[in-house]
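Spelled out from the first residue to the last, the chains are:
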Amino acid sequence: MKKQKQYIIPIFVPHLGCPNDCIFCNQKSISGAGKQVTKDEVKKIVDEYLSSFKEENAIKEIAFFGGSFTGIDVSVQEELLSAAYEYVQNGQIDSIRISTRPDYIDKDILKRLKKYKVKTIELGVQSTNDYILKRAERGHTFNDVKKASKLIRFHGFKLGHQMMVGLPESTKLDELNTAKDLIKLKPKMVRIYPVLVIKNTKLQKEYEEGSYEPITINQAVERCKDLVYLFNKSKVEVIRIGLQNTDIISEPNSNMSDVVAGPFHPAFGQLVEDSIWYDSIVDKIKKVNVKVKKVEVRVNPQDENSVIGHKRENINKLKELYEVEVKVTKDENIKIGKSEITILETFTDFKEDEKITK
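S.K.: Looking at this structure, I do not really get the overall build of the protein. What am I missing?
M.R.: When helices and strands are counted, the protein shows 13 helices and 12 strands. Summarising its shape, the C-alpha atoms of the protein cover approximately 85 × 55 × 40 Å along the three principal directions. Residue burial in the protein is summarised as follows: out of 358 residues, 48% are buried. Considering only intrachain contacts with a sequence separation of at least 6, the fraction spanning at least 24 residues in the protein is 78%. Both charge centroids of the protein, one from 59 positive and one from 53 negative side chains, sit 5 Å from each other.

Dropping the structure here:
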C-alpha cells in the first residue's frame, strides 16, 4: 500500500521566546528568517503553500519552527495559533506542530495548545548529558526533558525530539547514550543535527581560538548512521538528518554562507542513507561462502540512487575495497528499503573459465 504523501508548511519564529543564546545558535541563520511573523503573514505563507501542492489528498501540516514557541508572549502564541487553526477548522489543514524547549512545557501550556488542535510537539533536547548541556549553554537539564516528554505524551500529543552530534566535548558514546535515553521516553519521531559553526555565535569564537574543533563529514555520517540504526530498531522515525540547505546555510566560506566550518553537505541526510545501504550490501555479500566478483542488487526505483551512492560512491567503494562489481536493477515489486541480491559471478567461476581457455 502506497504511503500517503505529507506536506509540511514551515513557519519560522526565530529567537522568539528563547531565554538565552546557546553556544551554537544563531536563529536568524538557521531558520533563514530575520523578522517576527504576524497572523496575516501566517495566512499569506499558508495560502502560498496550499496553492502549490499538487496532491489534494495529501496530509497537510502547519509547523511553527525556530525559537521556543511556548516561551513567547501568550497573546502572540494565540494570534499565530488562531491563524493556523482556521485552516484546520475549514478542513484545508490536517494538523499543527510546534517546536520548543523542554523547560517551557507545563499543564497550562499544553491546555492552550490542545485548544488550537496542536497535534505534535517537538522538544529541542540536543543531549541528555547534563555536562554537555551546560557546556553548550542550553539552560535546561535532562530532568527537564524527562518531565516535559512525559507530560506531552500523557496529554495525548505526538512527541518529537531533536538531538545534535558534535557538540563541544561530546563523544560518539555520549551521542549513543543520548539516543538510548530518548528511546526510553518513547518519542514518535526524532531529528538529528550535526553541529555547524555559524557566524556570530559563541562557537565561532571558540573555533577561531582553537578550543573547539568540529567533526568531519565522514565522522558526522558515521555517528548519525549509528543513531539511525538505534532509532530504527526501536521504531522511532528519523524524520530529518542535517539542517535544511538555504542561501545562508550552505558551503562554508561561500559568498552568502553563514556557515564558518563543520560537517556541512547540501544532501547530508542522503549521505547517511547511502552509507546505510552500503553496509547492507556488504553484509549480504559477506554471508556468501565464495569470493564474489559481480552481483546484481534489485531494489525499488525509489532506492536506486541511495544504493548507487552520491557520485557513485557506494559502487566505487565496493569495487575498490572488495573487488566487487555491482549492477543495480530497479524492481517495482521490491518493497522500499528492501533489496534482493543475486550473485552473477564469483572468482571461482573466473578461475574455472581460465582453466577451460587454457
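S.K.: Hey, could you run me through the packing of helix H9 (residues 217–233) against helix H10 (residues 268–286) in this one?
M.R.: Axis angle and axis distance: for two packed helices, these are the angle between their axes and the distance between the axes, and together they describe the pair. Contact geometry for H9 and H10: axes closest at 9 Å, N-to-C directions at 65°. Viewed along their axes, H9 and H10 adopt a mutual orientation that is roughly perpendicular. Like other packed secondary-structure pairs, H9 and H10 cross with a definite hand, here right-handed. For the pair formed by H9 and H10, the contact residues are Ile217, Ala220, Val221, Glu222, Cys224, Lys225, Val228 and Tyr229 on the first element and Phe268, Leu271, Val272, Ser275, Ile276 and Asp279 on the second. Among the residues forming the contact of H9 with H10, the class breakdown is 10 nonpolar, 1 polar and 3 charged.

S.K.: Even after reading the chapter, I still don't get the packing of helix H7 (residues 172–184) against H9, so can you show me in this structure?
M.R.: Where H7 meets H9, the closest approach of the two axes is 10 Å, and the angle between their N-to-C directions is 25°. Overall, the two elements H7 and H9 adopt an arrangement that is roughly parallel. The hand of the H7/H9 crossing is right-handed. For the pair H7 and H9, the contacting residues are Lys172, Glu175, Leu176, Ala179, Lys180 and Ile183 in the first and Arg223, Asp226, Leu227, Leu230 and Phe231 in the second.

S.K.: Hey, could you run me through the pairing of strand E1 (residues 6–12) in this one?
M.R.: In summary, the side chains of a regular strand alternate between the two faces of the sheet. Burial of the side chains of E1 is restricted to one face: Tyr7, Ile9 and Ile11 are buried, whereas none of Gln6, Ile8, Pro10 and Phe12 on the reverse face is. Two strands pair when backbone bridges link them, and E1 and strand E2 (residues 59–65) are joined in this way by 7 bridges, in the parallel orientation. Counted as the bridge partner of Pro10 is Ala63 from E2.

S.K.: What is the right way to read the nonpolar core from this model?
M.R.: For soluble globular proteins, nonpolar side chains are generally found buried alongside one another. By size, the foremost hydrophobic cluster in this structure holds 59 residues, and its most contacted members are Ile62, Phe64, Leu81, Leu113, Ile121 and Phe231. Leu113 has contacts with Thr70, Leu81, Ile98, Val118, Ile121 and Phe157, leaving out every residue within four places of it along the chain. Counting residues in hydrophobic clusters, the runner-up holds 16 residues, among them Ile285, Val295, Val297 and Val324.

S.K.: What's the story with helix H12 (residues 313–322) in this structure? I'm lost.
M.R.: Since the α-helix advances by 3.6 residues per turn, residues separated by three or four positions end up pointing in the same direction. When H12 is considered as a whole, its buried residues turn out to be Asn314, Ile315 and Leu318. Here the buried residues of H12 occupy an arc of 105° about the axis, which is enough to place them on one side. In this structure, H12 carries Glu320 and Leu321 as exposed residues pointing more than 90 degrees from its buried face. Check the buried side of H12 and you find it contacts H10, helix H11 (304–308) and strand E11 (325–330).

S.K.: Explain the sheet that holds E11 to me, please; I cannot follow it from the model alone.
M.R.: Working definition: the strands of a sheet are paired by backbone hydrogen bonds and lie parallel or antiparallel to each other. On the basis of which strands lie adjacent, the open sheet formed by 3 strands has the order E11-E10-E12 and mixed pairing. Each edge of the sheet is formed by a strand with only one pairing partner; in this case those strands are E11 and strand E12 (339–346). In this sheet, neighbouring strand axes are inclined to one another by 20° on average, regardless of whether the strands run parallel or antiparallel. Packing of H10 onto the sheet brings it into contact with strand E10 (292–299) and E12, and relative to E12 it is tilted by some 50°.

S.K.: Help me understand the packing of aromatic side chains in this model?
M.R.: Pairs of aromatic rings are described using the distance from one ring centre to the other and the angle between the two planes. Going through the model one piece at a time under the given rule, you end up with 5 aromatic pairs. Centroid distance Phe12 to Phe65: 6.1 Å. Interplanar angle 40°. Geometry classified as tilted. Residue Phe12 is found in strand E1, and its partner Phe65 is found in strand E2; the two are separated by 53 residues along the sequence. Using a relative accessible area of 28% as the deciding quantity, one classes Phe12 as partly exposed. Relative to Tyr116, the ring of Tyr85 has its centre 6.0 Å away and its plane inclined at 85°; by these criteria the two rings are edge-to-face. Of the two residues, Tyr85 sits in helix H3 (residues 74–89) while Tyr116 sits in the loop between helix H4 (107–115) and strand E4 (118–126), which places them 31 residues apart along the sequence. A relative accessible area of 9% means that Tyr116 is categorised as buried. Chaining the aromatic ring pairs together yields one cluster made of Tyr7, Tyr49 and Phe53. Here the guanidinium or amino end of Lys317 rests over the ring plane of Tyr278, the centre of that ring lying 4.0 Å away.

S.K.: Teacher, can you tell me more about the sheet that holds E1 here?
M.R.: Strand order in the open sheet formed by 7 strands is E1-E2-E3-E4-E5-E6-E8, with parallel pairing between adjacent strands. At either margin of the open sheet sits one strand with a lone partner, and together these are E1 and strand E8 (237–241). When strand polarity is set aside, the average angle formed by the axes of neighbouring strands in this sheet is 25°. Packed onto the sheet, H7 meets E4 and strand E5 (158–165) and runs at close to 175° relative to E5.

About the criteria used
- Residues numbered from 1 in each chain as written.
- Predicted model: local features only at pLDDT ≥ 70, side-chain atom pairs only at ≥ 80, totals over all residues.
- Heavy atoms only, no water.
- Helix = DSSP H or I, 4+ residues; strand = E, 2+ residues; numbered from the N terminus.
- Buried < 20%, exposed > 50% of the residue type's maximum accessible area, 1.4 Å probe, protein only.
- Contact = heavy atoms within 4.5 Å.
- Lys, Arg positive; Asp, Glu negative; His and termini not counted.
- Charge placed at Lys NZ, Arg CZ, Asp CG, Glu CD.
- Axes fitted to C-alpha atoms, helices over the stretch in contact; angles between N-to-C directions.
- Parallel < 35°, antiparallel > 145°, perpendicular 65-115°, else oblique.
- Left-handed = near helix turned anticlockwise from the far one by under 90°.
- Nonpolar A, V, L, I, M, F, W, Y, C, P; charged D, E, K, R; others polar.
- Pairing = 2+ DSSP bridges.
- Core = buried A, V, L, I, M, F, W, Y, C linked by side-chain atoms within 4.5 Å.
- Arc of directions from axis to C-beta.
- Phe/Tyr/Trp six-rings, centres within 6.5 Å; stacked < 30°, edge-to-face > 60°.
- Lys NZ or Arg CZ within 6 Å of the ring centre and 35° of its normal.

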